[in-house]
Amino acid sequence: MAKTAKTRTPVDISKLTKAQAKVEHMRLSLEIEVHNERYYQKDAPTVSDAAYDELRQRLEAIEAKFPDLVTTDSPTQKVGAAPARGFAKVQHAVPMLSLGNAFSDEDVTEFVDRIRRFLKLDAEHIPALVAEPKIDGLSLSLRYENGELVRAATRGDGFTGEDVTANVRTIKDIPHTLKGKNIPAACEMRGEVYMLKKDFLELNRKQAEADDTVFANPRNSAAGSLRQKDVAITASRPLKFFAYTWGEVSERPAETQHGMLEWMDKAGFVVNPRTKLCKDIEAVLAFYSKIGEERATLGYDIDGVVYKVDRLDWQDRLGFVSRSPRWAIAHKFAAEQATTILNGIDIQVGRTGAMTPVARLEPVTVGGVVVSNATLHNEDYIKGIGNDGNPIRDGVDLRVGDTVVVQRAGDVIPQVVSVILDKRPKTAKPYKFPETCPVCGSHAVREEDEAVRRCTGALICPAQAVERLKHFVSRLAFDIDGLGDKQIQEFYEGGLVMSPVDIFTLQKRDARSTSRLMEREGYGETSVRNLFNAIDARRSIELHRLIFALGIRHVGEGNAKLLARHYGTIGNFRESMLAAAKGSGDEENTTEAYQDLNNIGGIGEIVADAVVEFFAEPRNMKALGELLSEIEVKPAEQPRKSSPVSDKTVVFTGSLTKFTRDEAKAMAERLGAKVAGSVSKKTDYVVAGEEAGSKLTKARELGVAVLTEDEWLKLIGE
Ligand SMILES: NC(=O)c1ccc[n+]([C@@H]2O[C@H](COP(=O)([O-])OP(=O)(O)OC[C@H]3O[C@@H](n4cnc5c(N)ncnc54)[C@H](O)[C@@H]3O)[C@@H](O)[C@H]2O)c1
Ligand SMILES: [Zn+2]
């Protein structure tokens, strides 16, 4: 589920010709029928309710303009869907209909006006209305004869439903025998089968564990659980029932809607305790907004409020229009928004250390899907500040315990769109974004002009470990043959390699282990020996490769080389950075070591800060120390002062035969040259191998010196 209907640009209905309208009408009808079948018969809708309602509203608009198109076949004239195969059919003595909808306060006023006109009531006379929560489940009709339950049926298409008598006998809320006085000789009592949200979540958890169907929302889950051919399955599902109306009744035990509900309660049914008798429109609207705010705490889903004329003699006079009663209306909640409670804020740490806050919500159904989490993006978002620095949600911050409005449009991740401040608990405190990583405990920093706070524990954070290890062995870092992404993943999951040092102790540990590496699937004696040899070959590593391998933010290959050249040895680098780290907590880092770092040509403040934060985290230093006890780091080769190519910019292009691209680059850089990726006026030499293409052409155009591989070797004196 969770998909919205494909957005087509809808044709403007006011511009349709009759013939076009007929085609569009047919197309919409067919599409709606398909969704009806999936929703009502299979309990597995494929589009959101909002998307479905849009199709229906369009169909209604077309019919309003071209009334000829209204035939008894039209979905606008029908209720639900025919009974599914496999169930015995039951004819309802009184049809089970749908309800008209109101989406705004004006719609409600209009509904009341219509009633007054129909009943010819004078202007002051407002009929009393009963407001009932509109339970989002499926309706059920229960036939009692002499007080005994004899038959239970679903709504089906309104006239014929499915026989679910045996299933219904397993639902505790439904009496098998009616109690109390005034029991009619025959009566059909009706109401809603539903499932509590917590039971639905628990059921889905079990279903998922057993690799069985999971349901989109409590409604589908209630319908799917009731409409089972195997009664034992229904019996195992926690179904509940609220009674709120009736069909055929031989003698009515009351004269009003609320009187009937009281009788039902005494007869042994569960009647919704929030139901309220209202004297005027203000009262029903107040009920609507109050229950809208309490929605999340009800324990079950409601999708609106149903208003019903209280006097039954008036209900009788008002009667029905096509598929719904004239005396009742469903005042729906906005389909894609719902109010719920922010129970907590969790921090998720991404593979690169980014800390993302996630709202933990009291589960609520929005647009047909249960929402229990929403993204909160970053700490500014929680404070009420948008990406552009301007206020969002009127600048209101989010606090744990707040009542919030969540929105879910189409496939978009649910968002918290506003806070109901009246409902803020007195004890709610502004949220304090954590300054340490919840996964590894390292300190977390937020760079200037960045909204994201990140964990600095690059080397040790489990949330980042796999990504970091893959980086550590990548081509420009340790580049270990036979140790790629796949093996890292496997070794990490197997607990063999959790941090860089583990790579170099693998052989020692393997020798002592009872489950040897060579006994693993996909490994043999030779491949394991080769792997250990490849690891040993890297126990001696160039300084710039080590610096790059550490995975410090903003330190790519180029910056790693700049740092290596500047500091020369690992000892010097480490000491200098630890000295610079002493000033990391301060407003301004005034240490000499930091100034020195910041002054390296090509290293800016952002890079310098990232390096210092890495060294300021003791957990990283521990991991680095362990690593250095296993490997030897070669001092950086200082560029020859007077090589023929020092300070020249070189571009290599085409396929090289005398050396690899990486070798060529290393060689040139050792001699003090800069290696660039593209040709410009600043290029001094282009070294062209075979089949050199556009870069060669460009070099010729710009008049840059072009060398063959041999000429290049000659130039540098090799
Ligand atoms: N997503 C899809 O593919 C899809 C397909 C079909 C229908 N739907 C959804 O189903 C709904 C339309 O279904 P509908 O025709 O059953 O109408 P409805 O759900 O809007 O209203 C009628 C129903 O409300 C229920 N109800 C709950 N509490 C009630 C109360 N106190 N008094 C009276 N009735 C009460 C009854 O079951 C009744 O049949 C829409 O929300 C629509 O979006 C979705
Ligand atoms: Zn961490």
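In this text the structure is predicted, and so the values were computed from the model without any measurement. Residue positions within a chain follow its written sequence, with the count starting from 1. To read the labels, note that chains go from A and ligands from 1, taken in the order they are written. Predicted model: local features are reported for residues with pLDDT of at least 70 only, side-chain atom pairs are reported and counted for 80 or more only, and whole-chain, interface and lining totals are derived from all residues. Each side-chain value is derived from all of the structure's non-hydrogen atoms; neither hydrogens nor water enter the calculation.

I'd like a rundown of the packing of aromatic side chains, residues and numbers included.
When the centres of two rings from Phe, Tyr and Trp lie within 6.5 Å, Trp using its six-membered ring, the rings pair. Their planes under 30 degrees apart give stacked, over 60 give edge-to-face, and anything left gives tilted. Taken as a whole and judged by the stated rule, the model has 17 aromatic pairs. For the ring pair Y194 and F242, a centre distance of 4.8 Å and an interplane angle of 5° mean the geometry is stacked. Linking Y194 in strand β7 (residues 186–195) with F242 in strand β8 (residues 239–249), this pair joins segments that are 48 residues apart in sequence. Classification of Y194 as buried rests on a relative accessible area of 3%. Among the residues examined, F242 registers a relative accessible area of 5% and is labelled buried. Plain terms: the ring middles of F652 and W712 are 5.5 Å apart, the flat faces sit at 90° to each other, and that makes the pair edge-to-face. Of the two residues, F652 sits in strand β23 (residues 649–653) while W712 sits in helix α24 (residues 709–715), which places them 60 residues apart along the sequence. The rule is simple: take the accessible area with a 1.4 Å probe, protein chains only, and divide by the maximum for that residue type; under 20% is buried, over 50% is exposed, in between is partly exposed. When its relative accessible area of 4% is taken as the criterion, F652 is described as buried. Overall, W712 belongs to the buried group, its relative accessible area being 0%. In our convention, an over-ring charge means Lys NZ or Arg CZ found within 6 Å of a ring centre and within 35 degrees of that ring's normal. The ring of Y381 is capped by R393, whose NZ or CZ atom sits 5.0 Å from the centre of that ring. Helix and strand assignments come from DSSP, with helices taken as H or I runs of at least 4 residues and strands as E runs of at least 2, each series counted from the N terminus.

Please give an account of the site of ligand 1 that cites residues and values.
Close contacts around ligand 1 come from 25 residues, with D53, E132, R155, E192 and K308 the closest. The separation between a nitrogen atom of ligand 1 and a polar main-chain atom of P133 is 3.5 Å. Here an oxygen atom of ligand 1 and a side-chain polar atom of E192 are 2.6 Å apart. Only the protein chains shown count as cover for residues, and the accessible areas themselves come from Shrake-Rupley with a 1.4 Å probe. For ligand 1, the accessible surface in isolation is 830 Å², of which the surrounding protein chains cover 92%. Taken together, the residues of the shell around ligand 1 sort by class into eleven nonpolar, five polar and nine charged. One heavy atom suffices: a residue is near a molecule or strand as soon as one of its heavy atoms comes within 4 Å of it. By the criterion applied in these results, polar contacts are pairs of N or O atoms within 3.5 Å in which, for protein atoms, one can donate a hydrogen and the other can accept it, and in which residues neighboring in sequence qualify only through two side-chain atoms. Any residue outside Ala, Val, Leu, Ile, Met, Phe, Trp, Tyr, Cys, Pro, Asp, Glu, Lys and Arg is labelled polar, Gly included; the first ten of those are nonpolar and the last four are charged.

Give a detailed account of the coordination of the zinc ion (ligand 2), specifying residues and quantitative values.
Metal-coordinating donors are taken as N, O and S atoms lying within 2.8 Å of the metal, or within 3.2 Å when the metal is Na, K or Ca; because water is left out, some sites can appear incomplete. Of the protein atoms, only C437 (SG), C440 (SG), C455 (SG) and C461 (SG) coordinate the zinc ion (ligand 2), at distances of 2.2 to 2.4 Å. Every geometry call rests on angle ranges, with four donors termed tetrahedral when all angles are between 85 and 135 degrees, four termed square planar and six termed octahedral when opposite donors are over 155 degrees apart and all others are between 65 and 115, and everything else termed irregular. Geometry at the zinc ion (ligand 2) is tetrahedral, judged from its four donor atoms and the angles of 97 to 116° they form at the metal. Mapped onto the sequence, the donors of the zinc ion (ligand 2) take the spacing C-x2-C-x14-C-x5-C. You can see C440 sitting in the loop between β18 (415–419) and β19 (444–446) and its partner C455 sitting in strand β20 (residues 453–455), a full 15 residues away along the chain. By the burial criterion, C440 is buried, and C455 matches it.

Let's hear about the pairing of strand β10 (residues 302–309): which residues, and what values?
By the criterion of burial, β10 is predominantly enclosed, with eight of the eight residues buried. Between any two strands, pairing holds if DSSP finds at least two bridges. Note: strand β3 (residues 129–135) against β10, seven bridges, orientation antiparallel. Its bridge partner being in β10, E132 is matched across the sheet by V306. Pairing geometry for β10 and strand β13 (residues 328–332), over five bridges, is antiparallel. What sits directly across from K308, in β13, is A328.

If you had to explain the UniProt feature "binding site: Zn(2+)" (unreviewed entry) in the protein chain to someone new, which residues and values would you point to?
UniProt positions are given in the numbering used here, feature names are shortened, and annotations may be inferred rather than shown by experiment. As recorded in UniProt, the feature "binding site: Zn(2+)" (unreviewed entry) lies at C437, C440 and C461. Taking the farthest pair of C-alpha atoms as the criterion, the annotated set spanning 25 residues converges on one region, since that pair is 8.4 Å apart. Here C440 is in contact with C455, I460, C461, P462 and R619, once residues within four sequence places are set aside. Take C461: it is sitting in the loop between β20 and α12 (465–472). Judged by its relative accessible area of 0%, C461 is buried. Only heavy atoms matter for contacts: two residues are in contact if any of them lie within 4.5 Å across the pair. For C461, the contacting residues outside a window of four places in its chain are V349, C437, V439, C440 and C455.

How would you explain the nonpolar core if you had to name every residue and give the values?
Taken as a class, soluble globular proteins show a tendency for nonpolar side chains to be buried jointly. Each nonpolar core is a collection of buried residues, namely Ala, Val, Leu, Ile, Met, Phe, Trp, Tyr and Cys, held together in the definition by side-chain atoms within 4.5 Å. Among the nonpolar cores identified, the biggest contains 63 residues, and L546, L563 and F615 are the most heavily contacted of them. No other element matches helix α20 (residues 605–616), which puts seven residues into this core. Residue contacts for L546: discarding those within four places in its chain leaves F478, I541, I570, L627, L628, I631 and V633. One finds L138, F215, L239 and Y244 within the second-largest nonpolar core, a separate group that totals 40 residues.

Quick rundown of the pairing of β23? Include the residues and the values.
Within β23, five of the five residues are buried, leaving the element largely enclosed by the surrounding structure. By the alternation rule, side chains of β23 split into T649, V651 and T653 and V650 and F652, which are all buried. Pairing between β23 and strand β24 (residues 674–676): three bridges, direction parallel. Pairing of T649 across the sheet is with K674, part of β24. Consider the strands pointing away from the viewer: the crossover is right-handed when the path from the first strand over the helix to the second runs clockwise. In this fold, β23 hands off to helix α22 (residues 661–670), which returns the chain to β24; that crossover is right-handed. As paired elements, β23 and strand β25 (residues 685–688) share four bridges and run parallel to each other. By the bridge assignment, V650 is partnered in β25 with Y685.

With reference to specific residues and values, describe the UniProt feature "active site" (unreviewed entry) in the protein chain.
Mapped onto this structure's residue numbering, the UniProt feature "active site" (unreviewed entry) falls at K134. Relative to the elements of secondary structure, K134 occurs in strand β3. Residue K134 is classed as buried on the basis of its relative accessible area, which comes to 17%.

Mind laying out unusual backbone geometry, listing which residues take part and the relevant values?
With a phi angle near 45°, D479 is a residue other than glycine that sits in the positive phi range. Summarising the element assignment, D479 is placed in the loop between α12 and α13 (485–493). Residues other than glycine seldom take positive phi values, yet D647 does so here, at roughly 65°. You can see D647 is positioned in the loop between β22 (632–634) and β23. Residue classification places D647 among the exposed positions, given a relative accessible area of 64%.

Go over the domain arrangement of the protein chain, please, and point to the residues and values.
Each assigned domain of the protein chain is listed here: domain 1 (13–78), domain 2 (100–332), domain 3 (337–423), domain 4 (465–634) and domain 5 (649–715). If you average the C-alpha positions of domain 2 and of domain 3, the two centres end up 33 Å apart. Of the roughly 1000 Å² buried at the junction of domain 2 and domain 3 (both faces included), carbon and sulfur atoms supply 56%. A per-residue breakdown of the area domain 2 buries against domain 3 is headed by E293, R295 and A296, which together make up 47% of the total. A pairing counts as a salt bridge when a side-chain nitrogen of Lys or Arg comes within 4 Å of a carboxyl oxygen of Asp or Glu. Scanning the region where domain 2 abuts domain 3 turns up one salt bridge. One salt bridge in this structure joins E293 and K423, with 3.8 Å as the shortest N-O distance. Our count for the domain 2 to domain 3 interface comes out at two residue pairs in polar contact (both at pLDDT 80 or more). Of all the secondary structure elements, the ones that give two or more residues to the side of domain 2 that touches domain 3 are α5 (197–209) and α9 (281–294). In terms of residue class, the side of domain 2 that touches domain 3 is built from five nonpolar, three polar and five charged. Annotation comment: domain bounds sourced from an automatic or database domain assignment. What counts as buried area is the accessible surface, traced by a 1.4 Å probe, that two parts surrender upon association, with contributions from both included.

Residue-level account of the environment of L138, with values.
Note that L138 resides in strand β4 (residues 138–145). On the accessibility criterion, L138 (8% relative accessible area) is buried. In this structure the C-alpha to C-alpha distance between L138 and K622, which are 484 residues apart in sequence, comes to 61 Å. Contact partners of L138, with chain neighbours within four places excluded, come to T154, G191, E192, V193, R219, A222, A223, L226 and R227.

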